[in-house]
Structure formats: structure tokens, C-alpha cells
Amino acid sequence: MFPKPKPVLAPNTYAYESEPMVKATGFREYDARWLFGKEINLMGIQALGMGLGTLIGELGQKKEIVTGHDFRSYSSSIKYALISGLLASGCKVHDIGLCMTPMAYFAQFELDVPCVAMVTASHNDNGWTGVKMGANRPLTFGPDEMTRLKEIVLGAAFATRAGGSYEFHDNFPARYIADLTKRPKLKRKLKVVVACGNGTAGAFAPQVMEAIGCEVIPLDTELDHTFPKYNPNPEDMKMLHAIRDAVLEHKADAGLGFDGDGDRCGVVDNTGEEIFADKVGVMLARDMSAIHKDAHFVVDVKSTGLFVTDPVLQQQGARTTYWKTGHSYMKRRTNELGALAGFEKSGHFFFNAPMGRGYDDGLISAIAVCEMLDRAAGKSLADLKNALPKTWSSPTMSPHCADEAKYGIVDSVVKHFEAAKANGDKIAGQPIRDLVTVNGIRVTAQDGSWGLVRASSNKPELVVVVESPVSEQRMRDMFEVMDSVLRTHPEVGEYNQKI
């Protein structure tokens, strides 16, 4: 019998080395994230592997799984603890070693394996670890699977069995890179800054972009798990400003920034200005809907309203569905609707055929941006961005809020605005035009200015985004509206960044 995990154990004790520790809040809506050592120990990771193998059996899926790990000092040891649990549950494990998350997704197709467990904390600060999991390619777990996994692990309800086996696939990245680059080379000579924040993508992104025909200016592509400059997160203004400086110094056509596990891509134009991912999505949607008739796109609730109001997309017959924020939700919805692509404001993009296989891959997103430029003869990235109708958008802003409190606070904010709309109250001096509540609440005023509050799915934070098609001041007015409601809750702390 494997011991039942404890929520807390004191480090440097007999118990810490002899019992599993797993904090319940690490089981998020669609993946798992813990502070390693403080919220989970190696035996806890082993329990997670046994629980995952048990769940795969419950789901009726073949017990074969791809594993990989990102470039952090402790990720390899965490992966091997996870593998020991998977083996104990009778799984055949296909290990592809150090890799980006999309490389593990690709391996499910390349090796014909149904399940995946990628050890990564993505762009979270050092100290965090986690696992992105799936049992039905190209999809990853949602709330139902994560809730059941939590029950199995915390209750030690493991179905262990003999028959587990292990296979390491040597030099697997070469197969992934070959797959990405088996396309016609770009006709246009593009100079691009490839920025990786010393994260995992640095081992792969420069050679992929060179192989499709780009002149590459590498920026922080050396692997360094201390992340000496900044976290590899293309939503972080520090990273975006570093890319801007390199673009201007080298007179590059674009700057492409990849997050810690390579499933997201941030974009800076040739003038050094960052283009938020939702606007990049509109640009790509324009490009793709010009080629593919009746194109259907899925976008998350944090994204710009231009997906619905842009006259070019309307003229080209494109349709857009707004959906829940989160890579698993968006991946699933894009798959269910057979959409051409899904775009998330965080930079997770999901391309179905012919561009991709439905999963999020920052390198495929980067290639799509380069191919868009290739087709836009004589136009720069700034030209394409400036051709969009003007809106004023905030970055994603995240005030601290404990995991135990954040969902209750969001429920309270939803009720506040639902009551305001029912009463005919005005926000920022205007009537409420509509409310979208598929994921937190998105409040739109009469002039199209909107604000969003939702709970972060993978950190103890809330998420706030605002946008206005009218003016910067109206964007700031919407922020004041959203923030003033949040400030009635003392549990809501400081923002990571503000407008």
C-alpha cells in the first residue's frame, strides 16, 4: 500500500523523506502546478504518476504515455519520480527527454501514443513545477479529468499493476524539427530576433527559424535555468522590451519571443512595438480567411473585440466564437468546432489542418507570422498591425489572490455586474451593453469598451484585462471600474503590472 499523501510535511525530517506530500490546490482547472519542496515532494510526484496511470485505465485508454521535461534544475528528477509512478500503474512510458511542451504533443502523433505527461511550470517563476497531461490527442485534461485525478491521488486510490515498461527515444528533437521545417522556404528574406529568455525553446527555436529561411538574431537563447534576465514569458513587459531593443538595434523585420516551455509566441513589430497576441490573432485571421473560405476561429474572453467587428474579417466571411480562457478549454473548443484556428490572448494559438494538428506550438505560431509576412509583399509587420482598426488594450494584469479565495471573489464580481445590469446602472458613465460569463465576467459598455475579471487557472492570482475602441482614457475608465469592485475585497493584493 502506498501511503495517503499529506497536505503539509516539514522539510529535513524523516516524514518528508518517507511520505508523499501533495497540496490539494496544485490540481488546477486543466493542469497541475506546485511550488516544489513546499507544496509537493518527490514521493508526492510519484503518487501523481500512479494516479495518472490509474486515471488512464479508468478512461479506457491504452496505457501508453509520452513524457518529457523542461529546462529547470529540478525538472529531470521530477520527471523520473513521475515515471516511477506511471510504471507502477502498468504504463508503457515513451521518454523523449528535454523538450518543449509541443514536442511532447507532437510525439503522441509521431509515436502513435494516446497519452502525454509533460513536466513543466511553463513561464512560472523558478521554484514552481507542474505537469501538462492528456489522454486523447491533441486534447489536454479539463476540469473533469483534473477533479478525478485529484480524488485518486489524495485518496491514494491507486490501481497498481505489473507490466509497466520504459523506452527512451534518442535524439527525438530532430524528428520534431524535421516535421516543422518540411515546408517551402520563405521567398522573402526576413531578419527576425528569436528570444527565449534562457528557457527550453532556446535549444530549438533558432535552428527552426533558420531552416524556414529566416536570418536569425538570437537573444538569450543559451539555456540557463536560473533565468538570469527575466522569466521567459512573452506577456512580461521586461521580455518584450528586451526584444524591442534587439529589433531596433539590428533593424529586424520582427521579434519573436517564446515562453519557458515553447507553446507560446510573443510578437514585436519592426518598429519595436509589441503586438499583443490577440491583435496578432486578428492579423493571422485576416491572412488565413483570405485563403480559406468561410473560416471559423475560436478566441478567448480576454481577446479583443476586433474578431467580431473587423470589416476585413466580415468581408472575407470569417466567423468567431468567444470561449473560456485556458489552453485546454481553447484546444478542446477549437477541436470540437473544427475551427481553422484558435487564438488566446496569452499567446497560445491552436492551428488545425493544414497548418497544424490542433495543439499549441509557439514555433508553428512563429512560422505562421513569417508566412503571413511572406504573402504580404512590400508590407512590414507594423503596416499589417496599423491596418487594423485602432483599439487601446491593456496587457494581462494579475493582482495576487490566494487559490482558496479567488473563485469566490470572481463569483461575487459576477453577481455585482449582473445586478448592475438588471438595475440599469451605468459603468464609467455608460449603460452596460452586454455581459459574457463563460469564464469570469466580461463587461461591455455601450461604446464597446470592455473589462474582464477572471480567476487565473494556474497561479494564486486574478486576471484583469481592459480594452476600448474609443480612446486610451476610456480604457483607463474601464480599468477603474473593474479595480474599484475588486478593491472591495481585502483578499485581493497587488498587481504584477498595471496600465
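Refer to the preceding data block for the structure.
About the criteria used
- Residues numbered from 1 in each chain as written.
- Predicted model: local features only at pLDDT ≥ 70, side-chain atom pairs only at ≥ 80, totals over all residues.
- Heavy atoms only, no water.
- Helix = DSSP H or I, 4+ residues; strand = E, 2+ residues; numbered from the N terminus.
- Rg over C-alpha atoms; globule rule 2.2 N^0.38 Å.
- Buried < 20%, exposed > 50% of the residue type's maximum accessible area, 1.4 Å probe, protein only.
- Contact = heavy atoms within 4.5 Å.
- Lys, Arg positive; Asp, Glu negative; His and termini not counted.
- Charge placed at Lys NZ, Arg CZ, Asp CG, Glu CD.
- 1 Å grid on protein atoms, 1.4 Å probe; cavity = no way out; pocket = protein on both sides within 12 Å on 5 of 7 lines; lining within 4 Å.
- Points joined across faces, edges and corners; volume = space filled by probe spheres on them.
- Nonpolar A, V, L, I, M, F, W, Y, C, P; charged D, E, K, R; others polar.
- Axes fitted to C-alpha atoms, helices over the stretch in contact; angles between N-to-C directions.
- Parallel < 35°, antiparallel > 145°, perpendicular 65-115°, else oblique.
- Left-handed = near helix turned anticlockwise from the far one by under 90°.
- Core = buried A, V, L, I, M, F, W, Y, C linked by side-chain atoms within 4.5 Å.

Overview of the overall build of the chain
Item 1. Summing up its helical and strand segments, the chain has 16 helices and 21 strands in all.
Item 2. For 499 residues, the compact-globule estimate of 2.2 N^0.38 gives 23 Å, and the chain sits close to it at 22 Å.
Item 3. Summarising its shape, the C-alpha atoms of the chain cover approximately 65 × 60 × 40 Å along the three principal directions.
Item 4. Counting only residues that meet the buried cut, the chain has 61% of its 499 residues in that class.
Item 5. For the chain, long-range pairs separated by at least 24 residues make up 68% of all intrachain contacts whose partners lie at least 6 apart in sequence.
Item 6. For the chain, the centre of its 56 positive side-chain charges and the centre of its 61 negative side-chain charges are spaced 3 Å apart.

Thoughts on empty space enclosed by the protein
Item 1. One pass over the full model with this rule turns up one cavity of 30 Å³ or more.
Item 2. Taken together, 15 residues line the largest cavity, and the ones lying closest to its centre are Pro234, Glu235, Ile275, Phe276 and Ala277.
Item 3. Listed by contribution, the elements that provide at least two residues to the lining of the largest cavity are strand E10 (265-268), strand E11 (274-275) and helix H9 (277-291).
Item 4. Looking at the lining of the largest cavity element by element, the count peaks at three residues for E10.
Item 5. Class assignment for the residues of the lining of the largest cavity results in nine nonpolar, three polar and three charged.

A closer look at the packing of helix H2 (residues 42-58) against helix H3 (residues 75-88)
Item 1. The interhelical angle for the contact between H2 and H3, taken along N-to-C directions, is 40°, at an axis separation of 7 Å. When the axes of H2 and H3 are compared, the pair comes out oblique. Our pair here, H2 against H3, has a crossing hand that is right-handed. Packed against H2, whose contacting residues are Leu42, Ile45, Gln46, Leu48, Gly49, Met50, Leu52 and Gly53, the element H3 presents Ser77, Ile78, Ala81, Leu82, Ser84, Gly85, Leu86 and Ala88 at the interface.
Item 2. Partitioned by chemical class, the residues of the contact of H2 with H3 number 10 nonpolar, six polar and no charged.

Topic: the layout of surface pockets
Item 1. By volume, the largest pocket amounts to about 680 Å³.
Item 2. Taken together, 34 residues line the largest pocket, and the ones lying closest to its centre are His123, Asn233, Ser398, Lys459 and Glu461.
Item 3. The calculated volume of the second largest pocket comes to roughly 500 Å³.
Item 4. Around the second largest pocket, the lining comprises 20 residues; the ones closest to its centre are Glu273, Phe276, Lys390, Thr391 and Ser393.
Item 5. The leading source of residues in the lining of the second largest pocket is helix H16 (residues 472-486), at three residues.

Notes on the nonpolar core
Item 1. Counting 70 residues, the largest nonpolar core has Met209, Leu256, Phe258, Leu284, Phe343 and Phe351 as its most contacted members.
Item 2. Ranked by residue count, the leading element in this core is helix H13 (residues 362-375), at nine residues.
Item 3. In contact with Met209, not counting residues within four places along its chain, are Val194, Cys214, Val216, Leu256, Leu363, Ala366, Ile367 and Cys370.

Observations regarding the environment of Met146
Item 1. Within the secondary structure, Met146 is located in helix H5 (residues 143-154).
Item 2. Expressed as a C-alpha distance, the spacing of Met146 and Ala88, which sit 58 residues apart in the sequence, is 20 Å.
Item 3. Sequence-distant contacts of Met146, defined by excluding residues within four places in its chain, comprise Phe27, Arg28, Glu29, Tyr30, Asp31, Ala32, Met133 and Phe141.

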